[in-house]
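# A closer look at the structure
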Amino acid sequence: MNLFRIREGEKEGFINAEGETVITPSFSYVFPFSEGLSQVQLRDPKELSIEEEGRNSAFINNEGEMIIPPGPPRDSSPRSDDYAWSFHEFSEGLAQFWVNDATGFGGFMDTDGVCVIPSRFKSAGHFSEGLASASLEDVDADNAFEIGPPGFIDSSGDFVIEPNSRLRFTNFFSEGY
């Protein structure tokens, strides 16, 4: 079912191809659907503290039912409401999440909101053809933390193409490349 974002006043929702309201505008912001789920922001992020931001995003299905509630992915570490969490769209059943703490690490959750790849990456792309680009934290010659070289992980979080400084501007696989 194709749904289209609409805005009424200060709230957003979705209509179908016939122009019928399917999900009543009740969210501050809605993102396009990806794999049957849309990330929604419950309140205007500009009005929130950094602590509140992580409890502002949820995921709904195409009937407007909340499937993944606000807050950190289940079974994630650290499991604390003191951190802000940000999320990306789903691809191949997994979505990136990011912890807004001192580490800034990211991991992946499934469409049930369960952490399936713990937050340990400094950067990561979406899954395509079973792989996602990912980088770990690295320390440069001056002992400053930086994003390490990219590699590619599988859906269990294991590197199948080890991080390599020769890899540049990794994005995603397409047709085996």
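One can find the structure itself at the top, above this paragraph.
Residues numbered from 1 in each chain as written. Predicted model: local features only at pLDDT ≥ 70, side-chain atom pairs only at ≥ 80, totals over all residues. Heavy atoms only, no water.

### Quick notes on the overall build of the protein
- Tallying secondary structure elements over the protein gives one helix and 15 strands in all.
- Each of the 177 residues in the protein was classed as buried or not, and the buried ones make up 41%.
- Contacts in the protein between residues far apart in sequence, at least 24 positions, make up 31% of those at least 6 positions apart.
- Accessible area for the protein stands at about 9,800 Å²; split by element, carbon and sulfur atoms hold 48% of it. (Helix = DSSP H or I, 4+ residues; strand = E, 2+ residues; numbered from the N terminus. Buried < 20%, exposed > 50% of the residue type's maximum accessible area, 1.4 Å probe, protein only. Contact = heavy atoms within 4.5 Å. Areas by Shrake-Rupley, 256 points an atom, 1.4 Å probe, with all protein chains shown as cover.)

### Observations regarding the sheet that holds strand β6 (residues 57-60)
- A sheet is described by the order of its strands in space; here four strands give the open sequence β4-β5-β6-β7, paired in antiparallel fashion. Every interior strand has two partners, whereas the edge strands, β4 (29-30) and β7 (66-68), have only one.
- Sheet topology note: the β4/strand β5 (residues 38-41) ladder contains two bridges and is antiparallel. Opposite Tyr29, over in β5, you have Gln41 as the bridge partner. (Pairing = 2+ DSSP bridges.)

### Focus on the pattern of salt bridges
- Applying the stated criterion across every chain yields a total of two salt bridges.
- The salt bridge involving Arg7 is made with Glu10; its shortest N-O contact spans 3.7 Å.
- Residue classification places Arg7 among the partly exposed positions, given a relative accessible area of 43%.
- On the accessibility criterion, Glu10 (61% relative accessible area) is exposed.
- Across the pair Arg7 and Glu12 runs a salt bridge, and its minimum N-O distance is 2.7 Å.
- Under the relative-accessibility criterion, Glu12 is labelled buried at 8%.
- A cluster of three or more residues bridged by salt bridges with shared partners is formed by Arg7, Glu10 and Glu12. (Salt bridge = Lys/Arg side-chain N within 4 Å of Asp/Glu carboxyl O.)

### Brief notes about the sheet that holds strand β3 (residues 21-27)
- The three strands are arranged β1-β2-β3 in an open sheet whose pairing can be described as antiparallel. With partners counted over all chains shown, the strands left at the sheet margins are β1 (4-8) and β3, one partner each. Each strand axis lies, on average, 25° off the axis of its neighbour in the sheet, ignoring direction.
- Sheet topology places strand β2 (residues 11-15) next to β3; three bridges connect them, and they run antiparallel. Paired with Glu12 across the strands is Phe27, a residue of β3. (Axes fitted to C-alpha atoms, helices over the stretch in contact; angles between N-to-C directions.)

### Regarding the environment of Pro69
- Inspection of the secondary structure puts Pro69 in the loop between β7 and β8 (84-91).
- As for Pro69 and Asn56, which are separated by 13 residues in sequence, their C-alpha atoms are 9.1 Å apart.
- Excluding its chain neighbours within four sequence positions, the residues that come into contact with Pro69 are Ser57 and Ala58.

### Details of the side chain of Ser57
- Within the secondary structure, Ser57 is located in strand β6.
- The class of Ser57 is buried, set by a relative accessible area of 6%.
- Within the structure, Ser57 has its side chain in polar contact with the side chain of Gln39 (distance 3.1 Å).
- Setting aside residues no more than four positions away along its own chain, Ser57 makes contact with Gln39, Val40, Gln41, Pro69, Pro70, Gly71 and Phe87. (Polar contact = N/O pair within 3.5 Å; in protein donor to acceptor, adjacent residues only side chain to side chain.)

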